[in-house]
Amino acid sequence: MKKYNFNAGPSMLPREVIENTAKQCLDFNGSGLSLMEISHRAKDFQPVVDEAVALIKELLQIPDGYSVLFLGGGASLEFCMVPYNFLAHKAAYLNTGTWAKKAIKEAKLFGEVVEVASSAEANYTYIPKDWTCPTDVDYLHITTNNTIYGTEMRKDLDVPVRLIADMSSDIFSRPVDVAKYDCIYAGAQKNLSMAGVTLVIVKDDALGKPDRKIPTMLDYRTHVEKGSMFNTPPVVPIYCALENLRWIKKNGGVEAMDQRARERAEILYAEIDRNKLFRGTVKEEDRSVMNICFVMNDEYADLEKPFLEYATGKGMVGIKGHRSVGGFRASCYNAQTIEGVNALVACMKEFEAQH
Ligand SMILES: *Cc1c(COP(=O)(O)O)cnc(C)c1O
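If you're wondering where the values come from, they're calculated on a predicted model, not measured in any experiment.

Moving on to the packing of helix 3 (residues 74–86) against helix 4 (residues 98–107). Interhelical geometry of helix 3 versus helix 4 gives an angle of 40° and a closest axis separation of 8 Å. Viewed along their axes, helix 3 and helix 4 adopt a mutual orientation that is oblique. As helix 3 packs across helix 4, the resulting crossing turns out to be right-handed. The segment helix 3 lies against helix 4, with Ser76, Phe79, Cys80 and Pro83 engaging Trp99, Lys102, Ala103, Glu106 and Ala107. Here the contact of helix 3 with helix 4 is composed, by residue class, of six nonpolar, one polar and two charged.

So, in structure tokens, the structure goes:
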């Protein structure tokens, strides 16, 4: 049976990305050695990093003055690296859910944190809009896509201070005005690569502001200076990212990814809204096109488990919602297909007809 992968992360990658990465793991560039066995400083590997960085700059049209880094530690390490490197006195954070809260917790270790707004009282089912950004802060931190709750800010904010964004689950799914940001970071395993590498895009002249000593590995300047080669970077995840970046480019770049994401989301949300069994959990204008969350309508609450079993039996993988939301979550990152979404919609229709 064909499987349709809706996992929230690590998540679906295009088949050719996986196959090409697997080939290099067996024999890297015809060298007779595996990608896993060569030095990250081998002359064959530097072009991998160079091409990946060039493609990221091209796809996101990154202006001059920014560095593109491949680091370890996941997006979670960036929760502390960001304030370590940027928070001199005070920072503002928008609290849109679990990941934002984790970022806030780390920032508090380094200075004053102003929570500009929060949607906690409604279990993060919307993006707060009625707030103003203080002007006396070092930066405003946002989470552009809230993977767990299925809310998303798909437009770059206009605020009077520099932005820092966790884009772990929607990077490369739309064009981004990078010039508005001092730093963008993303764990790779949602929309860029396999787990193990974190992408960081950082504005060079924004670094070095706080007057504090920073451990070498946690100082962005170390990695800027050494081109992500200060220590051994995660070579296989970087290679996998390169293959995926090539795939994104070949398939029309981030504009095309945006278009495809909207098409998929439209199909699925239309069915959620139409089907008598289900309802969406998120305020309509804030619905994510990456993580589509829905629950059973109250009168059909006892059908939750049966639907999960039914859909699983039809090849749907990873549609169980996060425990803090319940219900279902269909993650539709770049590699997701219209065919996959239609297969899920078919399950929803068939199940409705049975009840
Ligand atoms: C998954 C996720 C994280 C955590 O990423 P790790 O790489 O596991 O540390 C952080 N932020 C967002 C928005 C995520 O979706």
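Most of strand 12 (residues 291–296) is tucked away, with six of its six residues classed as buried. Alignment of strand 11 (residues 278–280) against strand 12, held across three bridges, turns out to be antiparallel. Its bridge partner lying in strand 12, Phe278 is registered against Met296.

Moving on: the layout of surface pockets. Of the pockets and cavities examined, the largest pocket occupies roughly 490 Å³. Lining the largest pocket are 19 residues; nearest its centre among them are Glu152, Met153, Arg154, Lys155 and Glu285. Looking at the lining of the largest pocket element by element, the count peaks at four residues for helix 7 (residues 253–274). Broken down by class, the residue content of the lining of the largest pocket amounts to nine nonpolar, no polar and ten charged. In this structure, the second largest pocket spans a volume of roughly 300 Å³. What lines the second largest pocket is a set of 21 residues, and nearest its centre among them are Trp99, Thr147, Ile148, Gln189 and Lys190.

Before going further, it helps to spend a moment on the site of the ligand. Near the ligand there are 13 residues, and of these Ser76, Thr147, Asp166, Gln189 and Lys190 occur at the shortest range. Here an oxygen atom of the ligand sits 2.4 Å away from a polar atom, N or O, in the side chain of Thr147. Measuring from an oxygen atom of the ligand, one finds a side-chain N or O atom of Lys190 at 2.7 Å. Relative to its unbound accessible surface of 390 Å², the ligand loses 89% to contact with the protein.

Counting buried positions along strand 3 (residues 90–95) yields six of six residues, so the element is predominantly enclosed. Neither face of strand 3 is left uncovered, since the one carrying Lys90, Ala92 and Leu94 and the one carrying Ala91, Tyr93 and Asn95 both have all their residues buried. Across six bridges, the pairing between strand 3 and strand 4 (residues 112–118) is parallel. Within strand 4, the position partnered with Leu94 by the bridge is Ala117. Each parallel crossover has a hand, and for strand 3 linked through helix 4 to strand 4 it is right-handed.

With that settled, consider the packing of aromatic side chains. Counted according to the given criterion, the structure contains 15 aromatic pairs. Measuring from centroid to centroid gives 6.0 Å for Phe86 and Tyr220, while their planes differ by 45°, and the two rings are tilted. Here Tyr220 lies in helix 5 (residues 220–225) and Phe86 lies in helix 3, a separation of 134 residues in the sequence. The residues Phe86 and Tyr220 share a single accessibility class, namely buried. Ring geometry for Phe307 against Phe351: centres 5.2 Å apart, planes inclined by 65°, an arrangement best described as edge-to-face. Placement of the pair is Phe307 in helix 8 (residues 304–313) and Phe351 in helix 9 (residues 338–354), with a sequence separation of 44 residues. Overall, the relative accessible area of 3% leaves Phe351 in the buried class. In textbook terms, an aromatic cluster arises when at least three aromatic residues are bridged by ring pairs, as seen for Phe278, Phe294, Phe307, Tyr310, Phe328 and Phe351.

Reading guide: rules and limits
- Each residue is numbered by its place in its chain's sequence as written, counting from 1.
- Totals for whole chains, interfaces and linings use every residue, but because this is a predicted model, local features are given only for residues with pLDDT of at least 70 and side-chain atom pairs only at 80 or more, for both listing and counting.
- Processing note: side-chain calculations cover all non-hydrogen atoms of the structure and skip hydrogens and water entirely.
- Here an axis means a line fitted to C-alpha atoms, over the contact stretch when the element is a helix, while the angle between two N-to-C directions is reported on a 0 to 180 degree scale.
- Strands are runs of DSSP state E lasting at least 2 residues, helices are runs of H or I lasting at least 4, and numbering of each runs from the N terminus.
- Just so you know how the angles are binned, under 35 degrees is roughly parallel, over 145 roughly antiparallel, 65 to 115 roughly perpendicular, and the rest oblique.
- By convention, the crossing between two helices is left-handed when the near helix turns anticlockwise from the far helix through less than a right angle, and right-handed when the turn is clockwise.
- Two residues form a contact once any of their heavy atoms are found within 4.5 Å.
- When residues are sorted by character, Ala, Val, Leu, Ile, Met, Phe, Trp, Tyr, Cys and Pro go into the nonpolar class, Asp, Glu, Lys and Arg into the charged class, and all the rest, Gly among them, into the polar class.
- Only protein chains enter the area calculation, which uses a 1.4 Å probe; residues under 20% of their type maximum are buried, those over 50% are exposed, and those in between are partly exposed.
- We call two strands paired when DSSP finds no fewer than two bridges between them.
- Detection works on a 1 Å grid of protein atoms alone, calling trapped sets that fit a 1.4 Å probe cavities and calling open sets with protein on both sides within 12 Å along at least five of seven lines pockets, with lining residues defined by an atom within 4 Å of a point.
- Grid points are joined across faces, edges and corners, and a volume is the space filled by probe spheres set on the points.
- We call a residue near a molecule or strand as soon as one heavy atom of that residue lies within 4 Å of the molecule or strand.
- Here a polar contact means two N or O atoms within 3.5 Å. Within protein one must be a hydrogen donor candidate and the other an acceptor candidate, and residues neighboring in sequence count only if both atoms are side-chain atoms.
- For the area figures, the Shrake-Rupley method with a 1.4 Å probe applies, and any residue is considered shielded solely by the protein chains shown.
- Whether a crossover is right-handed depends on one test, that the path from the first strand over the helix to the second runs clockwise when the strands point away from the viewer.
- Centre distance within 6.5 Å is the pairing criterion for rings of Phe, Tyr and Trp, where only the six-membered ring of Trp is used; planes under 30 degrees apart are then read as stacked, over 60 as edge-to-face, and the remainder as tilted.

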